[in-house]
Amino acid sequence: MQLQYDIAVVGGGLAGAVAALAAAAEGWRVAFIAPPPPRQDGRTTALLSQSIDLLEHLRVWDQVQPVSAPLRTMRILDGTSRLFRAPPVSFHASEIDLDAFGYNIPNEPLFEALHRATSASQAIERFHSPLAAAAQGDADITLDLEDGTQLTARAALAADGRNSALREAIGIQVKTWSYPQSALVMNFSHRLNHGDISTEFHTEQGPFTQVPLPGKRSSLVWAVKPDQVDRYLAMERADLNQEVEQRMRSILGAVEVEDGIQAWPLSSLIASSFGAGRTMLVGETGHAFPPIGAQGLNLGLRDIMQAIDALKAAGGPDGAPRAVSDYNRKRRIDVTSRTAGVDLLNRALLSSFLPMQALRAGGLAALSAIPPLRNLAMREGMTPGWRKGGASTLSAQRG
Ligand SMILES: Cc1cc2nc3c(=O)[nH]c(=O)nc-3n(C[C@H](O)[C@H](O)[C@H](O)COP(=O)(O)OP(=O)(O)OC[C@H]3O[C@@H](n4cnc5c(N)ncnc54)[C@H](O)[C@@H]3O)c2cc1C
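All values reported here derive from a predicted model rather than from experimental measurement.

J.: Looking at this structure, I do not really get the site of the ligand. What am I missing?
T.: Residues in contact with the ligand amount to 33 residues; listed here are only the nearest, Gly11, Gly13, Gly161, Gly283 and Gly296. Contributing elements (two or more residues each) for the shell around the ligand: helix 1 (14–25), strand 3 (44–48), strand 12 (174–190) and helix 8 (296–313). Among the elements that line the shell around the ligand, the one with the most residues is helix 8, at four residues. Its residues assigned to classes, the shell around the ligand shows 19 nonpolar, 11 polar and three charged.

So this is what it looks like as structure tokens:
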């Protein structure tokens with residue numbers, strides 16, 4: 001018997017699980033091709049308010065809110081010893097009439113809440129076997145799984161990550177590049193209150209970013225040279241505590257790093273197009289970049305909102321080809337501008353080229369000194385295209 005669905009979502013990471021729930025919420029029958037993740041994810045994710053609204057709409061936010069912390073102030077401190085150094089810049093949510101920019105959420109509980117919701121949904125059928133091959137036809141897309149299962153769907157969302165099999169099967173090329181950086185990821189407790197402030201230190205190795213967790217705890221994303229990773233992972237805990245406190249300039253007092261430190265290599269990727277035929281790329285299948293300014297998954301969730309909006313505007317999954325061309329056109333500015341912006345900022349940090357350093361310091365100085373510019377940057381950072389009503393119907397309709 002042929003298995004037929006309205007939508008196939010390939011990949012069960014955070015983007016895939018959200019995509020499956022968002023499609024099911026529209027009343028579409030979903031094939032969710034989601035093998036178990038390759039490893040536990042010790043990271044936390046700072047999600048901005050538009051993304052939180054989406055989690056609320058999908059009825060998972062109340063499950064993760066208790067383990068999440070609000071982000072009311074985001075601060076950038078220049079931790080370089082360069083000739084051109086930037087003044088501190090603080091962005092306060094209250095400046096744009098928000099209670100918080102968003103929340104910092106540990107990935108594991110978020111992942112579990114999303115997967116509980118996909119299991120509970122009558123509209124979603126989960127397949128644990130990975131995708132092996134796919135072929136797009138005039139009326140649908142046929143997907144072959146590694147265990148021999150074959151199914152068809154009117155439309156597909158490719159959320160199978162950087163090395164996406166579905167993206168390759170439909171012939172979309174990607175441009176990839178790497179950086180001389182890995183991210184050390186850890187959580188730590190600290191003596192002083194963080195006051196709901198996230199602090200991003202800009203250093204010669206890249207960002208060193210503390211993000212609040214509930215209580216006197218925070219998460220840390222620390223960009224280091226790849227050949228330093230083993231040294232930090234092997235460090236005595238007391239020495240590592242001291243190293244982190246020193247790099248934080250003791251703004252949170254003494255720190256105690258918790259178990260579960262992980263390293264993630266940093267690289268970038270951008271797809272040449274964000275969809276073809278009946279398939280749209282969402283999340284890291286279409287774009288990836290270093291973790292600066294909490295952009296990656298927020299951008300991935302905007303993909304999902306816009307993909308669902310495009311399918312709805314095309315009359316549902318039957319109208320996938322029209323939705324795909326609409327989606328491809330609409331995602332371009334948001335994805336390319338975020339990818340280029342993060343890349344430029346990261347390169348400016350790593351660069352020893354003086355004009356590049358001056359440009360970075362000058363840009364931050366302008367943001368610090370000119371409130372209307374800071375206000376514009378904050379609004380654009382929260383909701384790209386806000387002046388043209390950039391919010392999706394999914395993030396606008398709560399509950
Ligand atoms: C250190 C770090 C910190 C970050 N912090 C933030 C932050 O604060 N805020 C933010 O917005 N973003 C952040 N990001 C980015 C964010 O983590 C990513 O955007 C997000 O995890 C990507 O999720 P994804 O589901 O698109 O991809 P993945 O998590 O890579 O999921 C892809 C899934 O596809 C599956 N898959 C692979 N092959 C197949 C196949 N053949 N068939 C079926 N399934 C397959 C895999 O098993 C996997 O589960 C951070 C990233 C890093 C590295």
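J.: Mind showing me how you'd approach the pairing of strand 12 here?
T.: In regular strands, side chains alternate between the two faces of the sheet. The pairing of strand 12 with strand 17 (residues 262–271) spans nine bridges and is antiparallel. Within the sheet, the bridge partner assigned to Ser182 lies in strand 17 and is Pro265. Direction of pairing for strand 12 relative to strand 16 (residues 255–257): antiparallel, over a ladder of three bridges. From the neighbouring strand, His190 faces strand 16, where its bridge partner is Val255.

J.: I'm lost on helix 8 in this one. Help?
T.: Because the α-helix completes a turn every 3.6 residues, residues three or four places apart line up on one side. Here helix 8 spans 26 Å end to end across 18 residues, near enough to the 26 Å set by a 1.5 Å rise per residue. Judged by how many residues are buried, helix 8 sits mostly within the fold: 15 of 18 residues are covered. Gly315 occupies a position one or two residues after helix 8 and carries a positive phi of about 90 degrees.

J.: Please explain the nonpolar core as it appears in this structure.
T.: In summary, soluble globular proteins display a tendency toward joint burial of nonpolar side chains. Core analysis: the largest hydrophobic core is formed by 109 residues, its most contacted members being Ile7, Ala8, Val9, Val18, Ala19 and Val30. A total of 10 residues in this core trace back to one element, the largest contributor, which is helix 1. Contacts of Ala19, omitting those with residues within four sequence positions, involve Val9, Leu157, Ala159, Val282 and Ile304. Ranked by size, the runner-up nonpolar core spans five residues in total, among them Leu269, Phe289, Ile292 and Val342.

J.: Where do I start with the environment of Ala377 in this structure?
T.: Along the chain, the position of Ala377 falls in helix 11 (residues 371–382). C-beta crowding within 10 Å serves as the criterion here: with 17 such atoms nearby, Ala377 is assigned to the partly exposed category. It is 9.5 Å that separates the C-alpha atoms of Ala377 and Phe91, two residues lying 286 residues apart in sequence.

J.: Which parts of the structure should I look at to understand helix 1?
T.: An ideal rise of 1.5 Å per residue puts 16 Å on 12 residues; helix 1 measures up with 17 Å between its terminal C-alpha atoms. Counting buried positions along helix 1 yields 11 of 12 residues, so the element is predominantly enclosed. Of all the residues in helix 1, the buried ones are Leu14, Ala15, Gly16, Ala17, Val18, Ala19, Ala20, Leu21, Ala22, Ala23 and Ala24. Positive backbone phi, at 90 degrees, marks Gly27, one or two positions downstream of helix 1.

J.: Help me understand the environment of Ile170 in this model?
T.: Inspection of the secondary structure assignment puts Ile170 in the loop between helix 5 (165–169) and strand 12. Each C-alpha atom of the pair Ile170 and Ala135 lies 7.2 Å from the other, and the pair is 35 residues apart in sequence. Filtering out sequence-adjacent residues up to four positions away, Ile170 remains in contact with Ala134, Gln136, Ala276, Gly277 and Thr279.

J.: What am I meant to see in the pairing of strand 9 (residues 131–136) here?
T.: Of the strand pairs in this sheet, strand 9 and strand 10 (residues 141–145) are connected by five bridges, and their pairing is antiparallel. Looking at strand 10, one finds that Ala133 is bridged to Asp144. Following strand 9, the chain reverses through four residues before pairing antiparallel with strand 10.

J.: I'm lost on the sheet that holds strand 4 (residues 69–71) in this one. Help?
T.: Hydrogen bonds between backbone groups are what pair the strands of a sheet, and the pairing can be parallel or antiparallel. If you trace the three strands from one edge of the open sheet to the other, you get 3-7-4, paired in antiparallel fashion. The open sheet terminates on both sides in strands that have one partner only, identified here as strand 3 and strand 4. For this sheet, the mean angle separating the axes of adjacent strands, direction not counted, is 30 degrees. In terms of strand pairing, strand 4 meets strand 7 (residues 102–106) through three bridges, oriented antiparallel. Paired with Ala69 across the bridge in strand 7 is Asn104. Taken strand by strand, helix 4 (residues 107–120) contacts strand 3 and strand 7, and its axis lies near 90 degrees from that of strand 7.

The rules we used
- Residues numbered from 1 in each chain as written.
- Predicted model: local features only at pLDDT ≥ 70, side-chain atom pairs only at ≥ 80, totals over all residues.
- Near = placed C-beta within 6 Å.
- Helix = DSSP H or I, 4+ residues; strand = E, 2+ residues; numbered from the N terminus.
- Nonpolar A, V, L, I, M, F, W, Y, C, P; charged D, E, K, R; others polar.
- Pairing = 2+ DSSP bridges.
- Expected span 1.5 Å × (residues − 1).
- Buried ≥ 20, exposed ≤ 12 C-beta atoms within 10 Å, placed from the backbone.
- Core = buried A, V, L, I, M, F, W, Y, C linked by C-beta atoms within 7 Å.
- Contact = placed C-beta atoms within 7 Å.
- Axes fitted to C-alpha atoms, helices over the stretch in contact; angles between N-to-C directions.

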